Each structure stands twice: as C-alpha cells, then as structure tokens.
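# Understanding the architecture of this molecule
Single-letter residue listing:
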Amino acid sequence: MPSYADLRLLAVHAHPDDESSKGAGTMAHYRHLGVEVMVATNTGGERGDILNPAMEGVPQAERDLAGYRRSEMSRAAQVLDIEHRWMGFTDSGLPEGDPLPPLPWGCFALQPVEIAAAPLVKLVREFKPHVILTYDENGGYPHPDHIQTHNVAMHAWKTAGDPQAYPDLGEPWEPLKIYYDKAFNPERFVALHDAMLERGLESPFAERIARMLEAQDAEGNTAALGKHPTTTKVFCPESFTVRDDALRCHETQVAPDSMFFAVSPEFQAAAWPWEDYVLADSRVDAVAPETCLFEGIVDQVNPVPDYAPQPDWQI
C-alpha cells in the first residue's frame, strides 16, 4: 500500500459549516491515511441566521452568532482531526428580493480578487498543500461568498507558485491538483432516492431532485447532472459517521431533522459510498476516472518499492 505520509490537503470554504457539509468524509478518510488536512474559512458567517429552531432563544447564540459559530467551527475541526485557519473576511450575506439589494460595504464578495486571495496565498505557501479542494464557478450554489471563494481559490492556485506574485507572502509553493467539490451531486441524490423507494420508504429527496431536473442552462438544456461531469470518486463510507458528527457541531445552522440526516450513514454507505469531485486543473498527469485525489502525486512523494505488494481495494 502506498504511504500517504508527507501529503497535504487544503480545503477552501466560504463559511463555518461548509467544511462539514462538503467533503468532510473525504477529509476524515485521508486523515486516517496520514494526510495532513487544513481547512481555510474565508468568512466568519457573521450575517447568517439561526437555522435550527431548537437554538432559538439560546442567549449566547442570539447575542453573538459570529462568536458562537467560531466555537462550532472549533468543535467540528476537532471531530475531523484537521487544522483550521480563518482568512479574516466579513460574510456578505445572501441578498434576497427583486431587485436584489446591494451587498454590504466591505464584505468578502466585494473585495478585489487580488486582495481577497492574499491570505490564502500566504497559507498555501506556509502549509504547502499538494491538493486543493474548492467550489466551481457557481460556488456550488450561487451564494456571493461561495462564488468569491471559487475566484480566490483559483487565483491562489495560479499565483502561489509564482515568485513574482505576492513577493512578501513567503516562499512560492505550487500545488499539484485542484478540485471542485460536488457535495450536491444530483446522481447521489437520485441514488439515495431510488434506494429508499426500493425499500418502501418515503424519500425526502424528491423535491430537491425535481428542482435539479428543472434547472436549465442559458441555452435551455436541462442541467440535471451538473455543468461539470464527475471525474473523481473517493470511496470513504467508513467516514460518514464522522462527517455527520462534524456537521452536528454546527448546531445553529443544521437542525437534527434536516435533509443531511435524513438517512443513516450506513444507508448512505450502501447506496452511494463515495464523495464526488471534478478535477479542475492538474500539474501532474491525471486520467479520469480517478478514485484518489492524490493519483499522480503519491508515487512522486512516497514511491512504492517495486517489490511491495499492491493493494486490491479502493482508496
């Protein structure tokens, strides 16, 4: 079996709780294999709301939601056994209305990308990740902070290894692969939905699937399977319980009866035992489909001797 020692993974997120709802199983899986894992959170979620009715009336949460969310993030990081850094920007909120109101002055989404990316470039040069995880150009869903997170992560991917860029932010480091997370992969929801119907159970995913099937791109084509086809499926069912435990730490944001916990980790493992990604760019040879984020990297960092037995199970 290849050694995953000395490999590093950086996940770039918009708000506290995103790291637990997107790719948490993958992070726990690679931590178990010995990979160093870091999460960068761009904002503190200051403009979020208390979304769990059970937390309404909790004095600390209502008085200082931003502070409470920091403590939630700390607990989630402990559950996942990861390192964590705040990038220090202010939540942009999710504008609503027609027409949409302007974004708040000084918020993350309004920062020039070159400025917004600077803390992440510094972190990349310090942590030296081989792989970065982030969102696609739609942010996974079109929240302004998620879209800006995509912009910032891609800018850091392009510039962190350039000695001419940000010369005061440390020695250049060039990550080798960057992925888009597909936590809300329609194929996964369809698989869970079908598995529940096969067992005679009522599915909570029908409405979400219907909305996905109705989604269309600018040309009117149904975009049910997403703009970016899945390239990489990480087999990590052993981490689904840890994933749920981390998400429960964000008690102001996720109710215990939410869709995230609609089926047990064991049921999910049987119906869809993977977490899904899109290989957005690579500086090493990479051929889809992949079963490991470190394909093309692990053998460079920790080559397996020719005589070593090869594993017959998925990573």
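Structure: above.
Notes on the structure follow.

Rules used in this analysis
- Residue numbering note: each chain is counted from 1, following its sequence as written.
- The predicted nature of this model means local features are confined to residues of pLDDT at least 70 and side-chain atom pairs, given and counted, to a pLDDT of 80 or more, with totals for whole chains, interfaces and linings taken over all residues.
- With hydrogens and water set aside, each side-chain value is computed from the structure's full complement of heavy atoms.
- Only one rule defines a salt bridge in this text: a Lys or Arg side-chain nitrogen within 4 Å of an Asp or Glu carboxyl oxygen.
- Accessibility here uses a 1.4 Å probe with only protein chains present; expressed as a share of the type maximum, an area under 20% marks a residue as buried, one over 50% as exposed, and anything in between as partly exposed.
- Strands here are runs of E lasting at least two residues and helices are runs of H or I lasting at least four, both read from the DSSP assignment and numbered beginning at the N terminus.
- Should DSSP find at least two bridges between two strands, the strands are taken to pair.
- Lines are fitted to the C-alpha atoms to define the axes, a helix being fitted only along its stretch in contact, and any angle between axes, read from their N-to-C directions, falls within 0 to 180 degrees.
- An angle below 35 degrees is treated as roughly parallel, one above 145 as roughly antiparallel, one from 65 to 115 as roughly perpendicular, and anything else as oblique.
- Each crossing is labelled by how the near helix is turned from the far one, with a counterclockwise turn of less than a right angle marking it left-handed and a clockwise turn marking it right-handed.
- Contacts: residue pairs with any heavy atoms within 4.5 Å of one another.
- Amino acid classes used here: Ala, Val, Leu, Ile, Met, Phe, Trp, Tyr, Cys and Pro are nonpolar; Asp, Glu, Lys and Arg are charged; the rest, including Gly, are polar.
- A pair of sulfur atoms, both from cysteines and within 2.5 Å, is called a disulfide here.
- Centres within 6.5 Å are what make two rings of Phe, Tyr or Trp a pair, Trp counting through its six-membered ring; a difference in plane orientation under 30 degrees is then read as stacked, over 60 as edge-to-face, and the rest as tilted.
- By the criterion adopted, a ring carries a charge over it if an Arg CZ or a Lys NZ lies within 6 Å of its centre and within 35 degrees of its normal.

### Details of the pattern of salt bridges
Applying the stated rule across the entire model yields 11 salt bridges. Between Asp-18 and Lys-22 there is a salt bridge; the shortest N-O distance is 3.0 Å. Considered together, Asp-18 and Lys-22 belong to a single accessibility category, that of buried residues. Of the charged contacts in the structure, one is a salt bridge between Glu-126 and Lys-122, with a shortest N-O distance of 2.5 Å. Separated by four residues within a single helix, Glu-126 and Lys-122 lie in helix α6 (residues 118–127), roughly one turn from each other. Under the relative-accessibility criterion, Lys-122 is labelled partly exposed at 37%. Connected through salt bridges with shared partners, the residues Arg-85, Lys-122 and Glu-126 form a single ionic network.

### Looking at the sheet that holds strand β1 (residues 8–13)
A sheet is described by the order of its strands in space; here seven strands give the open sequence β3-β2-β1-β4-β5-β7-β6, paired in mixed fashion. Of all the strands in the sheet, just β3 (83–89) and β6 (232–235) have a single pairing partner and so form its edges. With strand direction ignored, the average angle separating the axes of adjacent strands in the sheet is 30 degrees. Inspection of the sheet shows β1 paired to strand β2 (residues 36–43) by six bridges, in the parallel sense.

### Some details on the environment of Leu-293
Mapping Leu-293 onto the fold places it in the loop between β7 (274–282) and α12 (298–301). Separated by 263 residues in the primary sequence, Leu-293 and Tyr-30 have C-alpha atoms spaced 9.5 Å apart.

### Let's talk about the packing of α6 against helix α7 (residues 144–159)
The N-to-C vectors of α6 and α7 enclose an angle of 50 degrees; their axes lie 9 Å apart at closest approach. Judged by the inter-axis angle, α6 sits oblique to α7. Viewed along their axes, α6 and α7 form a crossing whose handedness is right-handed. In this structure, α6 contributes Leu-120, Val-121 and Arg-125 to the contact, and α7 contributes Val-152, Ala-153, Ala-156 and Thr-159. Residue composition of the contact of α6 with α7, grouped by class: five nonpolar, one polar and one charged.

### With respect to the state of the cysteines
With the rule as written, the count across this model stands at zero disulfides. Not part of a disulfide, Cys-249 finds its nearest cysteine sulfur in Cys-236, a span of 18 Å.

### With respect to the packing of aromatic side chains
Within the structure shown, the criterion is met by seven aromatic pairs. A ring pair is formed by Phe-89 and Phe-108, whose centres lie 5.2 Å apart and whose planes are at 40 degrees; its orientation type is tilted. One end of the pair, Phe-89, is in strand β3; the other, Phe-108, is in the loop between β3 and α5 (113–116), with 19 residues separating them in the sequence. Judged by relative accessible area, which is 13%, Phe-89 ranks as buried. A ring pair is formed by Trp-272 and Trp-274, whose centres lie 5.1 Å apart and whose planes are at 85 degrees; its orientation type is edge-to-face. Here Trp-274 falls in the partly exposed class, since its relative accessible area comes to 23%. Three or more aromatic residues joined by ring pairs form one cluster here, namely Tyr-4, Tyr-30 and Phe-294. Geometry around Phe-189 places Arg-208 over its ring, the cationic atom sitting 5.0 Å from the centre. Over the ring of Phe-261 we find Arg-248, and its NZ or CZ is 4.6 Å from the ring centre.

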